[in-house]
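The primary structure of each chain is shown beneath.
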Amino acid sequence: MTASARRLTLPVEGMTCASCTGRVERVLKRVPGVQSVAVNLATGRATLDLTPDNDPRALAEAVEGAGYAVPEAVSELAVEGMTCASCTGRVERVLEAVPGVREASANLATGRVTVRHPAGLVPLESLEVAVREAGYEPRPATAEMAAPAAPREAGTLTRDLILAALLSLPVVVLDMGSHVAGHGLLPGAWSAGIQAVFATLVLFGPGRRFFARGLPGLLRGHPDMNALVALGAGAAYLFSLVATVSPGLLPVGAAHVYFEASVLIVTLILLGRSLEARARGRTGAAVARLVGLAPKTALLLRDGAETEVPAAELAVGDRVRVRPGERLPADGRVVEGRSRIDESMLTGEPVPVAKGPGDPVTGGTVNGTGALTVSVERVGADTALAQIVRMVEAAQGAKLPIQALADRVTARFVPAVLALALVTFLAWLALAPAPALGEALVHAVAVLIIACPCAMGLATPTSIMVGTGRAAERGVLFRSGQALQALEEVRVVAFDKTGTLTEGRPTLTDLIPAPGFDPDTVLASAAALESRSEHPIARAIVAAAAAKGLDVPPVSEVAAVPGHGITGRAGGQAVAVGAARHLAGLDLSGLAPEAERLAAQGRSPLYVALDGVPAALLAVSDPVKPGAAEAVRALTGQGLAVALVTGDDRRTAEGVARSLGIATVLAEVLPAGKRDAVQALRAQYGPVAFVGDGINDAPALAEADTGLALGTGTDVAVESADVVLMAGDPASVAEGLRLSRAVMRNIRQNLFWAFAYNVALIPVAAGVLRAVGGPSLSPVLAAGAMALSSVFVVGNALRLRRA
């Protein structure tokens, strides 16, 4: 490797043999700037030496063109100095210009940027350099620093606000004295000189931030709101300074001072930013509370002694003692003791859950009155609490499709405002009666100040932050911000049955043998096969045989057919257990009437055949969850269609649907067919939400416009879903929909205010009303209105905390 070359390690997916590594090496060597390549099949990585000017995107394209893949990575940065929508747009643009970056998304409310790029191709240092060159300060993004950032910012702003207010007071008093008394409290030269001193202290003290951040961006051709404030306050200050020091340079009668405007602009905008920062601190309160739920210490049991250690030092396999009233330090399983655990932080349900030996427990939940000994199974980033925090933060950092319009407008907004301010200045200078210079300056400055796009940048992310945080407190986890908007647009909610609307703990209620068959023998043979299955119905049959103390024969040649049943050999006999379609070709007419009767009662009929002869009819009942009927009523009350999609016998499914008030039933649907069922519902009703909990629901959850998985379900279902309902209660679906609608309504209110405010007040600031004899908007009032607009948007978002 030459001194000027750099080394890069690139992960490559899809390589299976030496031929693959050779092909990857060949295509990478052909990329311009690649000096050497070594591909390792065992590690799935390619190590390259590159010239400094090599474009990493060409490497990813070469690998993908050869039929392999470079996995996508996500980098996060906290960025200090973003104050408006123009800032976020600027940061996104400079990051997307970094070679290899596919997409960058900046969030004004969280102060974070998410960058997507091929893994291994974009060093974090390159991203930090790009952000720094754009005029902002990057920092590593960690969960721990997310909570205190806003309070720190609010504290700094408050100190500067107090200083600015104290220094501005003499300027305002001297200026007001001349207006109220008709003459100055001091001779004109003295009054102007003292105002100039204090205005200089304000602008180059507390107001320095606007010039330090705004002017460099203006010079680079990327102005932001800081540039607008710097230009507005700076223009009023410089004009006043000239009028004080060298009035002869100005037209006769134009030598007025506007020091009070320059200092009050800075003071009022600092006030608005201080209130905004405090409010934004509250928008992230949900995540801060979640992070704070994890206890800092734990009682570690070792060699029979208890030792208090930092919870961060716990390892898998450790045993910890949890005393009454304490929070659990990590995820694990109870090995000794009994108690009731308050899991409301996970599920939103206030009723404590009984726990005993063998039961799983979650870190951050609160132990009741019993002492527990817990074996640690997950620590640190692997705990359920840490995963919840990551999901909420991911949702809060997302951009919704509704924000696209705001982004397009704000990308051109500040340059347009600068142009409009210049036009205003020139128009007043040309058309107003002499001396017009003062009027032209005042109206141009008012335009610059009134149009700061802070509210536009805060309109969407603040609502998302508060809404997803509130949802998490209620046990509804949005895995992405986009799910908020998608869920609001849903027109039909489709439920899986077993484990979703029902308890998922079916019991055997009936066993009707065919003539000549012993019921215990049939049950033992069926249980032998079903012991090899994880299906809830299989567990019910096995449990029934165990309850009767039956000896289960050995089994062999077991084969399960999803959605149909199971076959095999038990005790030398060929055994088949399943729905009628599984025993197609056998004469089931002798048992069919009983099957119809049981199905009409909402029970699931199953047939058992021994050596190809129908031997018995089994019926399994799965009790409906207590909140299921209420959930259906709540959804239909919101004007939504509700459907039941299940693999169960149609008569059973219709019986359950009738008891819950569900009109649309798609029964006897095989797991692979649930995706088709979702597509059929979409064609009939519109956007679909699918609610499920099992492995067989994963295709439907992925296909639905919004997939909702019960947190009590399988990991596969949870990973396939857009929304996770931690409580496992179908009533949470209606709550999630209500929250989604509340958040989207809030976002639309914020966007309307942010745009309407500018559309209505920019012409007023430009003096359109003044030109026809109406009132004008002074720069001071413009600064107050601009600050109020941001505070209004954040305050409106905070109303979601009561949703």
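Before going into details, it helps to say that this report is about the structure given with it. (Residues numbered from 1 in each chain as written. Predicted model: local features only at pLDDT ≥ 70, side-chain atom pairs only at ≥ 80, totals over all residues. Heavy atoms only, no water.)

## Digging into the overall build of the protein
To be explicit about the condition: Helix and strand labels come from DSSP, where a helix needs a run of H or I of at least four residues and a strand needs a run of E of at least two; each type is numbered from the N terminus. Using a 1.4 Å probe on the protein chains alone, a residue whose accessible area is under 20% of its type maximum counts as buried, one over 50% counts as exposed, and one in between counts as partly exposed. We call two residues in contact whenever any of their non-hydrogen atoms come within 4.5 Å of each other. Here, Shrake-Rupley sampling with a 1.4 Å probe gives the accessible areas, and only protein chains in the shown set may cover a residue.
For the protein, the helix and strand inventory stands at 27 helices and 29 strands. Counting every position in the protein, which comprises 803 residues, the buried fraction comes to 52%. Across the protein, every contact between residues at least 6 apart in sequence was considered, and the portion connecting residues at least 24 apart equals 69%. Carbon and sulfur atoms make up 58% of the accessible area of the protein, which totals about 33600 Å².

## Let's talk about helix 14 (residues 437–450)
Rules: Between the first and last residue of a helix there are one fewer steps than residues, each counted as 1.5 Å, and that sum is the expected span.
If you check helix 14, its first and last C-alpha atoms are 20 Å apart, about what 14 residues at 1.5 Å a residue would give, namely 20 Å. Of all 14 residues in helix 14, 13 are buried; the element is thus mostly enclosed.

## Examining the packing of aromatic side chains
Rules: In summary, the pairing rule links any two rings of Phe, Tyr or Trp, Trp by its six-membered ring, whose centres are within 6.5 Å, and it sorts them by plane angle into stacked for under 30 degrees, edge-to-face for over 60 and tilted for everything else.
In this structure the tally under the stated criterion is 4 aromatic pairs. Each ring, one from F204 and one from Y237, has its centre 6.2 Å from the other, and the planes form 70 degrees; the classification is edge-to-face. Highlighted residues: F204 in helix 6 (residues 188–204) and Y237 in helix 8 (residues 225–245), separated in sequence by 33 residues. Owing to a relative accessible area of 52%, F204 belongs among the exposed residues under this scheme. When its relative accessible area of 7% is taken as the criterion, Y237 is described as buried. Ring geometry for W753 versus F792: centroids 4.5 Å apart, planes at 35 degrees, classification tilted. Residue W753 is found in helix 25 (residues 731–765), and its partner F792 is found in helix 27 (residues 779–798); the two are separated by 39 residues along the sequence. Under the relative-accessibility criterion, W753 is labelled partly exposed at 28%. Through successive ring pairs, a cluster of aromatic residues spans F204, F211, Y237 and F259.

## A few points about the pairing of strand 4 (residues 72–80)
Here is the rule we go by: Two strands form a pair only when DSSP identifies at least two bridges running between them.
Bridge count for strand 4 against strand 6 (residues 112–118) is 7 bridges, and the pairing is antiparallel. In the sheet register, E72 faces strand 6, and the bridge partner there is P118. Here strand 4 pairs with strand 7 (residues 137–140) via 4 bridges, running antiparallel. The residue of strand 7 that forms the bridge with L77 is P140.

## Considerations on the pairing of strand 21 (residues 565–570)
For strand 20 (residues 555–561) and strand 21, the ladder comprises 5 bridges, and the chain directions are antiparallel. Within strand 21, the residue paired with S556 across the bridge is R569. Where strand 21 meets strand 22 (residues 573–578), 6 bridges bridge the pair, whose relative direction is antiparallel. Following the sheet pairing, R569 is matched in strand 22 by A574. In this structure, the hairpin formed by strand 21 and strand 22 is closed by a connection of 2 residues, where G571 is found at a positive phi of approximately 60 degrees.

## Some details on the pattern of salt bridges
What counts here: Each reported salt bridge corresponds to a side-chain nitrogen of Lys or Arg within 4 Å of a carboxyl oxygen of Asp or Glu.
Per the stated rule, a full pass over the model turns up 25 salt bridges. For D318, the salt bridge identified is with R302, shortest N-O distance 4.0 Å. In this pair, D318 is assigned in the loop between strand 9 (305–310) and strand 10 (319–322) and R302 in strand 8 (residues 297–302), connecting sequence segments 16 residues apart. With relative accessibility at 48%, the residue R302 sits in the partly exposed group. Measuring nitrogen to oxygen at the nearest pair gives 2.9 Å for the salt bridge that ties E488 to R748. Pair noted here: E488 is in helix 16 (residues 482–488) and R748 is in helix 25, with a separation of 260 residues, a long-range link. By relative accessible area, E488 is classed as buried at 14%.

## What to know about the nonpolar core
Across soluble globular proteins, you tend to see nonpolar side chains buried next to one another. Note the following rule: The set of buried Ala, Val, Leu, Ile, Met, Phe, Trp, Tyr and Cys residues whose side-chain atoms join them within 4.5 Å is what this entry labels a nonpolar core.
Ranked by size, the top nonpolar core spans 154 residues in total, and within it L48, L95 and V493 carry the most contacts. Examining the composition of this core, we find that 14 residues originate from one element, helix 25, more than from any other. Not counting residues within four places of it along the chain, the set of residues in contact with L48 comprises R6, R7, L8, L10, L28, V34, S36, V37 and L59. Core analysis: the second largest hydrophobic core is formed by 23 residues, A540, I566, V608 and L610 among them.

## A closer look at the sheet that holds strand 25 (residues 641–645)
As a reminder, the rule being used: Fitted lines through C-alpha atoms serve as axes, helices being fitted only where they are in contact, and the angles separating the N-to-C directions of these axes extend from 0 to 180 degrees.
Taking strand neighbours across the sheet as the criterion, the 7 strands line up as 17-29-28-27-18-25-26 in an open arrangement whose pairing is mixed. Edge positions in the sheet fall to strand 17 (476–478) and strand 26 (664–666), since each has one partner strand and no second. Recorded for the sheet is a direction-independent mean angle of 20 degrees between the axes of neighbouring strands. Where strand 27 (residues 688–692) and strand 28 (residues 706–710) come together, 4 bridges link them in parallel fashion. Looking at the pairing, F690 lines up with G707 of strand 28.

## Overview of the packing of helix 14 against helix 25
Our working definition: Under this scheme an angle from 65 to 115 degrees is roughly perpendicular, one under 35 degrees roughly parallel, and one over 145 degrees roughly antiparallel; angles in between are oblique. A crossing counts as left-handed when the near helix is turned anticlockwise from the far one by less than a right angle, and as right-handed when that turn is clockwise. For this scheme, ten residues count as nonpolar: Ala, Val, Leu, Ile, Met, Phe, Trp, Tyr, Cys and Pro. Four count as charged, namely Asp, Glu, Lys and Arg, and the remainder, Gly too, count as polar.
At a minimum axis distance of 8 Å, the contact between helix 14 and helix 25 shows a crossing angle of 170 degrees. With respect to each other, helix 14 and helix 25 are oriented roughly antiparallel. Two packed elements cross with a definite hand, and for helix 14 against helix 25 that hand is right-handed. On the side of helix 14, the interface is formed by H443, A446, V447 and I450, while helix 25 contributes Y757, N758, L761, I762 and A765. Here the residues of the contact of helix 14 with helix 25 are counted per class, giving 7 nonpolar, 2 polar and no charged.

## Topic: the sheet that holds strand 12 (residues 339–342)
Overall, antiparallel pairing links the 3 strands, which are arranged 13-12-15 in an open sheet. Edge positions in the sheet fall to strand 13 (353–355) and strand 15 (366–367), since each has one partner strand and no second. Both strand 12 and strand 13 contribute to a ladder of 3 bridges, which runs antiparallel. If you follow S339 over to strand 13, its bridge partner there is K355.

## Regarding the packing of helix 19 (residues 592–600) against helix 21 (residues 650–660)
Each pair of packed helices can be summarised by the angle the axes make with each other and by the distance between the axes. Put simply, helix 19 and helix 21 touch, their axes get as near as 7 Å, and they point 20 degrees apart. The angle between helix 19 and helix 21 falls in the class roughly parallel. The two elements helix 19 and helix 21 meet at a crossing, and its hand is right-handed. Residue-level inspection shows A592, A595, E596, A599 and A600 of helix 19 in contact with helix 21, the latter providing R651, T652 and R658.

In short, shape yes, function no, at least from these values alone.
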